[in-house]
Each structure stands twice: as C-alpha cells, then as structure tokens.
Amino acid sequence: MAATSTSTAKRPEAPPGAPGPRETRRRVNWLPWLFLAPYLLLFGSFVLLPIALGLWISLHSWDFTLPGKPFVGLRNYSELLTPGTGEFERFWNAMQATGIFTAISVPLLIVIPLAVALVMNQRFRGRNLFRALFFAPYVLGVAVVGVVWRFLLDANIGVVNYLAGLVGLPDSTPWLTSIPETWIALIGVTVWWTLGFNAVIFLAGLQDISNDLYEAAKMDGAGAWVRFRHVTLPGLRPVVLFVVMITVIASANMFGQSWIMTRGGPGQETRTAIYYIVDTGLNQRAMGEAAAASWLLTLVLMLTSALLFAFARERGPEKGADR
Amino acid sequence: MSTPFHRPASAGLTIPLNRRNFLLLGSTAALVTGCGGGSGVGGPQEDAGGEFTGTYDGPPITLDYWNGFTGGDGPTMLAMTKEFADAQKNIDIKNTTIQWADFYQKLPAAAQAGKGPAVGVMHLDQVASNAARGILVPLDDIADEIGLAEEDFLAPVWSPGIYNEKRYGIPLDVHSLAMYWNKEHFDKAGIDEPPTDAASFDEACKKLQAAGYKTPFWMPNRWPSHLMFFSLIWQHGGEPFADDGSEATFGSEAGVAALTWMREQVDKGYSPENVDIDAQYLAFKNGENSITWDGIWQINDLKEADMDYGMAPIPTIGEQPAVWANSHHFFMTSQAAEDKDMSDASKLFISELSQNSGRWAEAAMIPARNSAREDASYTDSPQAALDDQLENFRFLPSVPGVADTIAPTLEVAVNEAILGKASPQEALEKYQAEATELMQENLEKFGG
C-alpha cells in the first residue's frame, strides 16, 4: 500500500473542488484493486490456488482416479531425496538432464540473439525480411518444431544426414539416439526455434539506448568495440538480466522437444524434470509424487533466480555509474 | 496397446506419429469403403436372427458412447453405431471419439464426476485398472442375459476380460503383431515362403542382403520394439510379469534371450544402428528395408500406400509360437448401471454391436466373435492370414496398473539394449527391479 499513501500525499495538489481527503483515500484505496481484480482473479485461481493445492497433493498418495487418497506426510519428498529408491534415481536423472540443457542453452540463447539483434539494429537493405526470418520459427508450436526436426534429423532416412553425406561429412550421425549428439540436436533446435524472441527483446533494448551516447563516444574517439563494451552492454544490462531470467526458466521447463524428438532417450538421458513430472503425474497417476517433484523443481528454480539476482545486484552500482 | 496410448498427446495433432492411430490417420472413409470388398455380405439382417432377440421398449434415451477409434477404424465404428441407432426407435447414440492416450486419462476423471459415458470400448489391458477404480460394472449377468458365452468367442480373449473373478469386458476384436515383407524384394532374393523360424529368418535376411538389400530388417528401439520383446519372451517360455501383478519377471533367461536376439539383428548388420522413432516403418513403406514387424492395424495404411506386401505370423524365434496381442473390449459404466433404462439400452447396444461385428474386420482388426469371423469382410481380409495363429495370441495379465509400468521401465530397457548402451541382461535386470517397485506400489494403491 505504499503506492496509496504516496498518491494521497500528492493529492493536495489536485485542483480545488476535488473531494475531501477522507473520501479520496477511500476511493484511491479501492480503485487499483478494482482494476487489478480481473487479473488477480485469474492469477489466484490459476496460479496461487494450484500452487497451494499442489503442496496439499504432494502430502498424499494422490491418484485422481481412485476415491481413496491417503495422507502420507512427507513420504513423497523423502522418496525423492533418498538415494537408492527408483524415484530418486529417475527424478535426479531428470533434474540432471534439465541442468545440462539449461547450462548449455542459456548462454547460447543470450549470445546468439544479442549478435542477431546487433545486426538487426543496423540499417541495410532487406532488414525487415532479415528480422522476420529470425523471428519466424518462434511462431511455430513445439509440436510442429519437434516433429519436423525429428524427421529432418532421422539418422537413417533424414535429410540432414543425407545432405551431410553429399558434402563428405559423416552421414549416419545418430542425432536422436546417442549422447552427446542428442543434446546438440535438442539445444540446436531450441536455439533455432526461440532465438528470435530473445533477439526482439534485445533489439527493443538496443533502440532504447540514446544515440547521443554513441555520438559522444565517437567524439571521444571510441571504436566499434569500445562503443559496444562501454555504451551498448551497460545500456542493455537490465534487458540482459531479464532475458537471462526468462531463458533460464524456459529452459528449465523444457519438455516438448525431448518428448517429441527423443522420447526421453537414449534410455532416459534426455528425460527432463518436467518430462518426469508429466509422466509420473499423468501416466503413472502418482500425482502426489509428481507434485512433490514440482515443488522441488520450483525450489531449485527459486534458488537459481535468487543467485542470479544477487549476482546482478553485486554488479549493480557499476551499472548505476554507467548510466 | 497399453503404453503408447498412455503417453499424453500434448500439444498437436502431429505428435502421435508413432502410434498406430497416426499411421491409420490418413486412411479415412474412402479407404474403408475401398476396403470393404466383401462387405456386402453378412449385413445386419442376417445376424439379427441370432440367439438374442432383445428389444428396448423404455422411453427415448441417449447413450453416451466413448471410444478411441481415431484412425482408419473410426469410420467403420461410426457405420456400425449408426446401423444400430437406425434400427432402434428409442435409442440414440452420442458418439465421442478421443485419442486413446487422452481417453484413458479422461475416462476415470469424467466417470468420477458423473459425466462419463454409459458404454465404451477400451483395451483389454486397461480393463482391470478401470474395474479396480470402480468405473466399470461386471457384465457377467449381462453376458448371461444377452446370451454371450465363452464358446462364441476366441478362447484367449474371453478369459482375460475377467478381473477378480468377474467379467468386465465383452471382446470386440483381437489385434496382434505380424510380419510384413516387401514382395518385390522377396522375389528378387528368390525367397518363396515367408520365414517361420529363427533359421529361415536368418537365411532370408542373408538372401536379401545378397540381392542388394543391405539392411533388410530394421530393428526399432521404440514402439513397437517392446511388443516384439513380449512376443519373443513368450516364445522362449518366459513371462514378462507375474500373473498376480506382484513382480516383473522380464529379466529372466527367456527375456535376456529375446532381447539378445533383437540386438543381434543389429550386430549382424541386418539392421542399421540407431533406428529412430517410426523409421523402420517409413523405410518399409519406401522400400528401403524388406521385412518389418508391426501391428495388423497397419494394413489399411499399407493398402493406401499401394504397397505390394505380404503378411504372415511372426516367425517362431524361440521354442514355441507366441505373439503379443491386445483386444478391444466393450464396457458399461457403473454410472449407466444406476439407471434401469440406461442399463437395458447399454446391454442391447453391446449385444447388437458384438453380434454384428463381422464388418469390424474392415478396420483391419480380427473380430473376437466366432460367428463374425465367418463374415466375408474378415475371411477376405489380409489379417485372415493369421487365422490359424489365433491360439498363439498372448495377452498381458489382467492386473491393475501393469500396463502403466511398461513405458518407464521395460521400454527403456529395450531401448538401451538395442541401442547398445547396455547389455540385454544389465538393462533388463535394472528396469525389472524398478518395474517391480512400481507394481508393488500399484498393488498397494489398488488394493487399499
């Protein structure tokens, strides 16, 4: 409610004849909530409530198809955290797969889109076409992307290997059935698919940086690299932080690509955390375990976010100085 | 059928590619008409004179009927349903067709909310789970009332519909794996007879290689590789699961022998390494390999592809003939049983469709009812080639939850061994333990 008191404090400057302070306070108190209500209603019923319900479910042996849903306390969590159980192995194997995917895809999804955005920001013929080309794959759904690439990357009858063979490269690379080829395929496809989105955000960030800064830097004799390092990057810092955050979260939620392209294989190598949760909750109908796994994944993600923020804050003053 | 259908069909239409349904997707009404070469015979009139002459004389009623016939089998089922509805003054059928994967998720939820169907069709290996959930009602009395008896049906599908000594499903059909081959390739290689055992199969592969078909038999490591595995473990005298659902036994000697043979096909060079999802079937359609094992539901798809193929029972690699099979069963829900009219109409529906199931052969299935297998639409069908093999059809045990444990355990073991990531023994032993753990949890869950 800090905002409310600020605005009431400002009110006295309102034109004469405006309602008295008491009335004002009441109206200002409720108005934002009124505007927020539609969103809050959706947020509450589709985000907060499920989160709470998930916590409740995670304390039960919960099969939604059975009438009995016995309370089991923390058993679902302890199974996921006790080495030696099947659940432990499957879950942490999945967490590891998610970790590998996130650790490799996030840097690529920052650097490549940034480079693309820098090019997009130049003036050249066909710039709009270039922008559209890079953004186009993002419009496709994961199902389309997954199925198309599954066929393109097929080891024996796929186009990619066929073309590779034509130019003298190995023509039987098992893109979808062997490690590490599978990770290359999954990460490559994801980068191709989503880089346009990050690039557009970077582009907006780039256009936000005042041209004066570049001109001033030029006057001082700064070359292209120095301008990039000391004008562009500092100017983009908040945007970069935002993009890193959403990319980490998106990557940690990877599911569709491996579900469609590799079925979690070879073996269970590319079975991600969400894959595990979906499989356990909906296919095995062990909703309790799946809910507990979701909570653990959430905790890990929250921790990661907190670390990222802490890292960003540590470097905050520098940013302030730059600006 | 179990596992692939359990996978959630998340976002798009294109996902279920490696399920049989997808492969049937292209084949629509046109195909079914084309396929009904012999469908003029055995129409409803003939069968209507059968042993049951029940009628429904209650008030007008609408039956909700759920099934998962989304492929080339859909139009045939719709035609059968329409035939029934047309003949009944007071019964209307509201047909709902859902992808099998979604079907098995939605049905329990809908039934618990009181919004489920009155009647439906499900796979045999799902009957026990859903009976345990209290969604289905026993049909023993119905079977008696409408005069269904074991001798009217294929013996192997009649008994697995029983769970806890009660019958919950009336068999509609059976469907199994079969061996398909490219006739042109066989001719060129000089193979006159389809191979029937390990030796002749090996010989055929060698001849095909000699004839220039370098990789004649692609070994899948995904669907339907676990169905091949089931067939082979049974052929070697093993059982994948204990009958009471208490443990997985696919890591037995028979299981290791089965999986070893599968991997050997790769080692011998009959199959390339790393066959991707569906690649073995697509390659077969494109003439890139010569033999493939797949379900009989592919018949309609191959027909549409204008493929010159042969079909026969899979060869006996082990000591005895056996092949994985599943079956579609009619069921009635407890929801329908609460209402006398609803339950009467449902019984009549099941009885009539079962009696007129001859034309179901057009859906590339084998009718479970003996009289229906005399219908020309079956005797003239490609799948009739399996007719003398019916006694070798083997089914997974009717225990709740067993079907659900296959995807995360056995399928992974088969995948790892065929890809050469682990030896058959290591893979099977590891996932056998995990499967047993899951089965124990299921026993506890469904028991309690």
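Because the structure is a prediction, the values reported are computed rather than measured.

**Student:** How should I be thinking about the overall build of chain A in this particular structure?
**Tutor:** Looking only at helices and strands, chain A has 14 helices and 0 strands in total. When the helices and strands of chain A are placed in sequence order, the string is α-α-α-α-α-α-α-α-α-α-α-α-α-α. Across the 323 residues of chain A, 43% fall into the buried class. Expressed as a percentage of contacts within chain A between residues at least 6 apart in sequence, the contacts between residues at least 24 apart total 64%. Surface accessibility of chain A: about 17600 Å² in total, with carbon and sulfur atoms responsible for 69%.

**Student:** I keep staring at the interface of chain B and chain A and nothing clicks. Help me out?
**Tutor:** Often the size quoted for an interface is simply the accessible area lost on bringing the parts together. Taken residue by residue, the interface counts 51 residues in chain B and 43 residues in chain A. Taken together, the two surfaces of chain B and chain A that pack against each other cover about 3800 Å², and 51% of this comes from carbon and sulfur. Contact with chain A buries surface across chain B, with Asp276(B), Ile277(B) and Lys445(B) losing the most and accounting together for 15% of the total. Where chain B meets chain A, there are 6 salt bridges. Its salt-bridge partner being Glu444(B), residue Arg75(A) comes within 4.0 Å of it at the nearest N-O pair. Looking at the side of chain B that touches chain A, the elements that each hand over two or more residues are helix H6 (100-112), helix H14 (279-285), helix H19 (402-405), helix H20 (410-418) and helix H21 (424-447) of chain B.

**Student:** Honestly, the pattern of salt bridges in this entry has me stumped. Any pointers?
**Tutor:** Residue and element names in this part refer to chain B. Counted by the stated rule, this structure contains 20 salt bridges over all chains. Linking Asp202 and Lys206 is a salt bridge whose minimum nitrogen-to-oxygen distance equals 2.8 Å. Note that Asp202 and Lys206 are positioned in helix H11 (residues 198-210) at a spacing of 4 residues, about one turn of the helix. Each of Glu83, Arg359 and Glu362 takes part in salt bridges that share partners, so that together they form one network.

**Student:** Help me out: how do you make sense of the confidence of the model for chain A in this one?
**Tutor:** Interpretation of this model should avoid reading the predicted coordinates in detail wherever pLDDT is low. Residue and element names in this part refer to chain A. Put simply, chain A has an average pLDDT of 87, and 89% of its residues get 70 or more. Long-range and interchain partners of residues 1-14, a stretch whose pLDDT sits below 50, account for 7 contacts in this model, where long-range means more than four residues apart. Of the regions scoring below 50 in pLDDT, residues 317-323 engages in 5 contacts with residues more than four places distant in sequence or in other chains.

**Student:** Help me out: how do you make sense of unusual backbone geometry in this one?
**Tutor:** Most of the time, phi is negative for any residue but glycine, and the peptide bond is trans. Of the consecutive residues Ile179(A) and Pro180(A), the connecting peptide bond is found in the cis state with omega at 10°. Locating Pro180(A) in the fold gives a position in the loop between helix H7 (159-166) and helix H8 (181-208). For Glu165(B), which is not glycine, the phi torsion reads 65° and is therefore positive. Structurally, Glu165(B) can be placed in the loop between strand S4 (162-163) and strand S5 (166-167). Residue classification places Glu165(B) among the exposed positions, given a relative accessible area of 77%.

**Student:** Where do I start with the packing of aromatic side chains in this structure?
**Tutor:** For any two aromatic rings, the description comes down to two numbers: the centre-to-centre distance and the angle of the planes. Residues and elements named next belong to chain A. Going through the model one piece at a time under the given rule, you end up with 39 aromatic pairs over all chains. Note on Phe255 and Tyr275: the rings are 5.7 Å apart at their centroids and 75° apart in plane angle, and the pair reads as edge-to-face. You can see Phe255 sitting in the loop between helix H10 (224-252) and helix H11 (256-261) and its partner Tyr275 sitting in helix H12 (residues 273-283), a full 20 residues away along the chain. The same class applies to Phe255 as to Tyr275, namely buried.

**Student:** Is there a simple way to think about the domain arrangement of chain A in this case?
**Tutor:** Residue and element names in this part refer to chain A. Partitioning chain A into domains gives domain 1 (2-57) and domain 2 (75-322). Taken together, the contacts link 4 residues of domain 1 with 6 residues of domain 2. Buried surface at the junction of domain 1 and domain 2, summed over both partners, amounts to about 360 Å²; 72% is from carbon and sulfur atoms. Counting across the interface, domain 1 meets domain 2 through 0 salt bridges. For the interface between domain 1 and domain 2, the tally reads 0 residue pairs in polar contact (both at pLDDT 80 or more). When the residues that make up the side of domain 1 that touches domain 2 are grouped by side-chain class, the tally is 3 nonpolar, 1 polar and no charged.

**Student:** Got a minute to help me understand H21(B) in this structure?
**Tutor:** Three or four residues apart is the spacing at which side chains of an α-helix point the same way, because the helix has 3.6 residues per turn. If you check H21(B), its first and last C-alpha atoms are 33 Å apart, about what 24 residues at 1.5 Å a residue would give, namely 34 Å. For H21(B), the set of buried residues is Pro424(B), Ala427(B), Leu428(B), Tyr431(B), Glu434(B), Ala435(B), Thr436(B), Leu438(B), Met439(B), Asn442(B), Lys445(B) and Phe446(B).

**Student:** What exactly am I supposed to notice about the pairing of strand S9 (residues 323-332) of chain B here?
**Tutor:** Here is the key point about a regular strand: its side chains alternate between the two faces of the sheet. Residues and elements named next belong to chain B. Of all 10 residues that make up S9, 10 are buried, and the element is covered over most of its length. Burial along S9 is two-sided: Val323, Ala325, Ser327, His329 and Phe331 facing one way and Trp324, Asn326, His328, Phe330 and Met332 facing the other are all buried. Alignment of strand S3 (residues 119-123) against S9, held across 5 bridges, turns out to be antiparallel. By the bridge assignment for S9, Val121 is matched with Phe330. Taken together, the 6 bridges between strand S6 (residues 170-182) and S9 define a ladder with antiparallel strand orientation. What sits directly across from Pro171, in S9, is His329. Pairing of S9 with strand S11 (residues 393-394) involves 2 bridges; the strand directions are parallel.

**Student:** Got a minute to help me understand the nonpolar core in this structure?
**Tutor:** What tends to happen in soluble globular proteins is that the nonpolar side chains get buried as a cluster. By size, the foremost hydrophobic cluster in this structure holds 133 residues, and its most contacted members are Phe229(B) and Trp293(B). Considering each element in turn, this core owes the most residues, 8 residues, to S6(B). Lining this core are residues from two domains, each supplying at least three of them: domain 1 (28-175 + 326-393) and domain 2 (176-323 + 398-447) of chain B. Those residues in contact with Trp293(B) that lie beyond four places of it in its chain are Ala178(B), Met179(B), Phe201(B), Phe217(B), Pro224(B), Met228(B), Leu232(B), Trp261(B), Ile314(B), Pro315(B) and Ile317(B). With 42 residues, the next largest nonpolar core counts Ile110(A), Leu186(A), Leu236(A) and Val248(A) among its residues.

**Student:** Hey, could you run me through a nonpolar patch on the surface in this one?
**Tutor:** Residue and element names in this part refer to chain A. Among the surface-exposed residues, Val159, Tyr162, Leu163, Leu166, Val167 and Leu169 lie close enough to one another that they form a single nonpolar patch of about 630 Å² accessible area. Among the structural elements, Tyr162 can be located in helix H7. By relative accessible area, which is 54% here, Tyr162 ends up exposed.

**Student:** Could you clarify how one ought to interpret the packing of H10(A) against helix H13 (residues 287-314) of chain A in this entry?
**Tutor:** How two helices pack is summed up by the angle between their axes together with the distance between the axes. Residue and element names in this part refer to chain A. In contact at an axis separation of 11 Å, H10 and H13 are set at 165° when each is read in the N-to-C sense. Our classification of the angle between H10 and H13 gives roughly antiparallel. Every pair of crossing elements has a handedness; the one defined by H10 and H13 is right-handed. Contact residues: H10 offers Leu241, Val244, Met245, Val248 and Ala252, while H13 offers Leu301, Thr304, Ser305, Leu308, Phe309 and Ala312. Its residues placed into classes, the contact of H10 with H13 shows 9 nonpolar, 2 polar and no charged.

**Student:** Help me out: how do you make sense of the pairing of strand S8 (residues 309-312) of chain B in this one?
**Tutor:** Residues and elements named next belong to chain B. Residues of S8 alternate between two faces, with Tyr309 and Met311 on one and Gly310 and Ala312 on the opposite face, all of them buried. Direction of pairing for S6 relative to S8: antiparallel, over a ladder of 4 bridges. By the bridge assignment, Tyr180 is partnered in S8 with Met311.

**Student:** I tried to follow the domain arrangement of chain B on my own but got confused; where do I start?
**Tutor:** All names here are of chain B. By domain assignment, chain B separates into domain 1 (28-175 + 326-393) and domain 2 (176-323 + 398-447). Just the C-alpha atoms count here: the centres of domain 1 and domain 2 sit 29 Å apart. On the domain 2 side, the residues contacting the 28 residues of domain 1 number 23 residues. Summing the contributions of domain 1 and of domain 2, the shared interface buries around 2000 Å²; its carbon and sulfur component is 65%. Here domain 1 is connected to domain 2 by 0 salt bridges. Those elements that place two or more of their residues in the side of domain 1 that touches domain 2 are helix H3 (29-35), helix H7 (124-132), S4 and S6. By residue number, the principal contributor to the side of domain 1 that touches domain 2 is H7, which donates 5 residues. Considering only residue class, the side of domain 1 that touches domain 2 consists of 16 nonpolar, 9 polar and 3 charged.

Conventions adopted
- Throughout this description, residue numbers start from 1 for each chain and increase along the sequence as written.
- Note on labels: chains are lettered from A, ligands numbered from 1, in written order.
- Selection of residues for local features in this predicted model requires a pLDDT of at least 70, selection of side-chain atom pairs for listing and counting requires 80 or more, and totals for whole chains, interfaces and linings are taken over all residues.
- No hydrogens and no water enter the side-chain calculation; it runs on all heavy atoms of the structure.
- Numbered from the N terminus, helices here are DSSP runs of H or I no shorter than four residues, and strands are runs of E no shorter than two.
- Per-residue accessibility, obtained with a 1.4 Å probe over protein chains only, is compared with the maximum for each type, and a residue is labelled buried under 20%, exposed over 50%, and partly exposed between these values.
- The contact criterion used throughout is that any non-hydrogen atoms of two residues lie within 4.5 Å.
- Here the Shrake-Rupley method, with its probe set to 1.4 Å, supplies the accessible areas, and only the displayed protein chains count as covering residues.
- The term buried area means the drop in 1.4 Å probe accessible area that two parts suffer when joined, counted for both and summed.
- Whenever a carboxyl oxygen of Asp or Glu lies within 4 Å of a side-chain nitrogen of Lys or Arg, that contact is scored as a salt bridge.
- Confidence of the predictor in every single residue is expressed as pLDDT, which spans 0 to 100.
- Only centres within 6.5 Å qualify two rings of Phe, Tyr or Trp (six-membered ring in Trp) as a pair; their planes then separate them into stacked at under 30 degrees, edge-to-face at over 60, and tilted for everything else.
- Where each domain starts and ends comes from a domain assignment, either automatic or drawn from a database.
- Any N or O atom pair separated by 3.5 Å or less is treated as a polar contact, with the protein-specific requirement of one donor-capable and one acceptor-capable atom, and with residues adjacent in sequence counted only for side-chain atom pairs.
- Basically, the charged four are Asp, Glu, Lys and Arg, the nonpolar ten are Ala, Val, Leu, Ile, Met, Phe, Trp, Tyr, Cys and Pro, and anything else, Gly included, counts as polar.
- Helix span, expected: 1.5 Å multiplied by one less than the number of residues in the helix.
- A strand pair is defined by DSSP finding two or more bridges across the two strands.
- The criterion is simple. A nonpolar core is a set of buried Ala, Val, Leu, Ile, Met, Phe, Trp, Tyr and Cys residues joined through side-chain atoms within 4.5 Å.
- Put simply, a patch holds well-exposed residues, over 30% relative accessible area, that have no salt bridge, with like charges counted together within 9 Å and Val, Leu, Ile, Met, Phe, Trp or Tyr side chains within 5 Å.
- Geometry is summarised by axes, namely lines fitted to C-alpha atoms with helices restricted to the contacting stretch, and by angles between N-to-C directions that run from 0 to 180 degrees.
- Here the word oblique covers every angle except those under 35 degrees (roughly parallel), over 145 (roughly antiparallel) and from 65 to 115 (roughly perpendicular).
- Crossing chirality is assigned from the near helix's rotation relative to the far helix, an anticlockwise turn below a right angle marking it left-handed and a clockwise turn marking it right-handed.

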